[in-house]
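Chain residues, written in single-letter form:
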Amino acid sequence: MFLAWKELKHNKTRFVMIAVIFVLISWLVFVLSGLGNGLSTLAASTFKTMKADYVVFEQGSKASMSKSLLSNELTAKLTEMPNVSAVSPMGTIMASAIKGNGAANEDKVDIAIIGIDPGSFLEPAIIEGVGLTAENMTKVIVNKTMKDEGFSLGDTFKLDGSTESLTIAGFVQNQTYNHVSAVFIPITEWRKLAFAAPGSDKGVTEPVNAIMLQGKDIDPKAINEELAGTETVTRAAAVQGMPGYKEENGTIMMMLAFLLTISAFVLGVFFYVFTMQKTNQFGIMKAIGAKNGFLGKAVVSQVFVLSLSSIIVGVILTYGTAAIMPKGMPFMLETKLVLTYSIILLVISLLSSLVSVRMISKIDPLKALGRVE
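Residues numbered from 1 in each chain as written. Predicted model: local features only at pLDDT ≥ 70, side-chain atom pairs only at ≥ 80, totals over all residues. Heavy atoms only, no water.

Generally speaking, a soluble globular protein has its nonpolar side chains buried in company with each other. Judged by nonpolar contacts, the single largest core of 34 residues is most densely connected at Leu78, Ile111, Ile113, Phe157, Leu159 and Leu213. Other than its neighbours up to four places away in sequence, Ile111 contacts Ile93, Met94, Ala95, Ser96, Ala97, Met146, Phe157, Leu159, Val180, Ser181 and Val183. (Core = buried A, V, L, I, M, F, W, Y, C linked by side-chain atoms within 4.5 Å. Buried < 20%, exposed > 50% of the residue type's maximum accessible area, 1.4 Å probe, protein only. Contact = heavy atoms within 4.5 Å.)

So this is what it looks like as structure tokens:
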């Protein structure tokens, strides 16, 4: 470390240039990861935060709420299945909310209407107002992002294309579905909205899109065999089944993978070139007794100090960027996410330095001393 620190101070300009490049790379990695996390949260935070372990869909629906239609009568049968501790139905539809009396000049706000049983484990925690009640079916709880659209506690809004009016009874947080605010409504009222057209329920008794299960060590295969026409998956698989979620998340992850791969090559090439330029110096040090291990540790220590400093600066710049980003931009940084990518970047930089270490081990002191610059 002593040798590495001495050289860092001696060749400041050279190492500052590398540091700037690595800061920009790490900054871009953190920004992309924050955008990816924000988009995935915006698309599926309702599913991600719900207190369910498994989800029962209609067979052939590919774990998609919009393609699944089941009877609520299955809830009684599911309650009797082994290791199932709680059961609750759920339904979703996309809609547009119109504030006030639904006048033509009013702005429309896209929402996702989530039908659940009031008081069930699917009902999110209230941060303002009151929760759902079975007595008043038209009172709903909504995600707090609707406040940004001008909605307040107690406001009544109409649904575009419908005569129904809903009143905001409470606000919740971190509840979005398909990139729009989630509106939670009693499942009975949800059926009226979802199957208003005659025959749209396909003759299913008390239709729902899916049934959520709580319980450990539940056997999905046993449920599918016992209840014909069902497909039971984990909550994580249900998130992946949301329309566009897998493709959207995969695109961000591919961009991050390419960026990390490029950063490994860039750093590897930089330190390889620097090592070549110092062949004579390493030759002299070997000639006076320096071991390959000692020289290798010096190079790795150099890379460690440089990379760690650059990553810290990149993190600071990322949080600064997050502070000035527009409110509507789906950007979400989590401490776990930042630490994970920081460790990945640090490991990549250290691995890229091994090319230089290998080159040092092959330097012949006699040939290096006889080399003419």
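A word on the side chain of Ser71. Note on placement: Ser71 falls in strand E2 (residues 70-71). The class of Ser71 is buried, set by a relative accessible area of 15%. There is a polar contact of 2.8 Å between the side chain of Ser71 and the backbone oxygen of Thr205. The contact partners of Ser71, leaving out residues within four places of it in the chain, are Val204, Thr205, Glu206 and Ile211. (Helix = DSSP H or I, 4+ residues; strand = E, 2+ residues; numbered from the N terminus. Polar contact = N/O pair within 3.5 Å; in protein donor to acceptor, adjacent residues only side chain to side chain.)

Residues at a pLDDT of 70 or more form 90% of the chain, whose mean pLDDT is 86. Taken element by element, the predicted model of the chain shows its lowest mean pLDDT in helix H1 (residues 2-10) (55) and its highest in strand E12 (residues 210-214) (96). (pLDDT = per-residue confidence, 0-100.)

Our next topic: the environment of Leu259. Along the polypeptide, Leu259 turns up in helix H7 (residues 245-277). Each C-alpha atom, one on Leu259 and one on Ser26, is 9.3 Å from the other, the two residues being 233 residues apart in sequence.

So, on to the pattern of salt bridges. For the structure shown, the criterion picks out 4 salt bridges. Residue Asp53 is joined to Lys216 by a salt bridge in which the shortest nitrogen-to-oxygen separation is 3.6 Å. With Asp53 in the loop between helix H2 (12-49) and strand E1 (54-58) and Lys216 in the loop between E12 and helix H5 (220-226), this pair connects stretches of sequence that are 163 residues apart. As a salt-bridge pair, Glu128 and Lys147 come within 2.5 Å of each other at their nearest N and O atoms. Of this pair, Glu128 sits in strand E5 (residues 128-129) while Lys147 sits in the loop between strand E6 (139-143) and strand E7 (156-159), and the two are 19 residues apart along the sequence. (Salt bridge = Lys/Arg side-chain N within 4 Å of Asp/Glu carboxyl O.)

Taken together, Val269, Tyr272, Val273, Met276 and Val355 make up a surface patch of nonpolar side chains, about 410 Å² in accessible area. For the nonpolar patch, the leading source of residues is H7, giving 4 residues. Assignment of secondary structure puts Tyr272 in helix H7. For Tyr272, a relative accessible area of 35% gives the class partly exposed. (Patch = residues over 30% accessible without salt bridge, like charges linked within 9 Å, V, L, I, M, F, W, Y side chains within 5 Å. Areas by Shrake-Rupley, 256 points an atom, 1.4 Å probe, with all protein chains shown as cover.)

Counting buried residues along strand E4 (residues 108-116), 7 of its 9 residues qualify, which places the element largely inside the surrounding structure. Bridge count between strand E3 (residues 86-99) and E4: 9 bridges; the pairing is antiparallel. Bridging from a neighbouring strand, Ala95 pairs with Ile111 of E4. As defined by bridge partners, E4 adjoins strand E10 (residues 180-186) across 6 bridges and the pair is classed as parallel. Its bridge partner being in E10, Ile111 is matched across the sheet by Ser181. (Pairing = 2+ DSSP bridges.)

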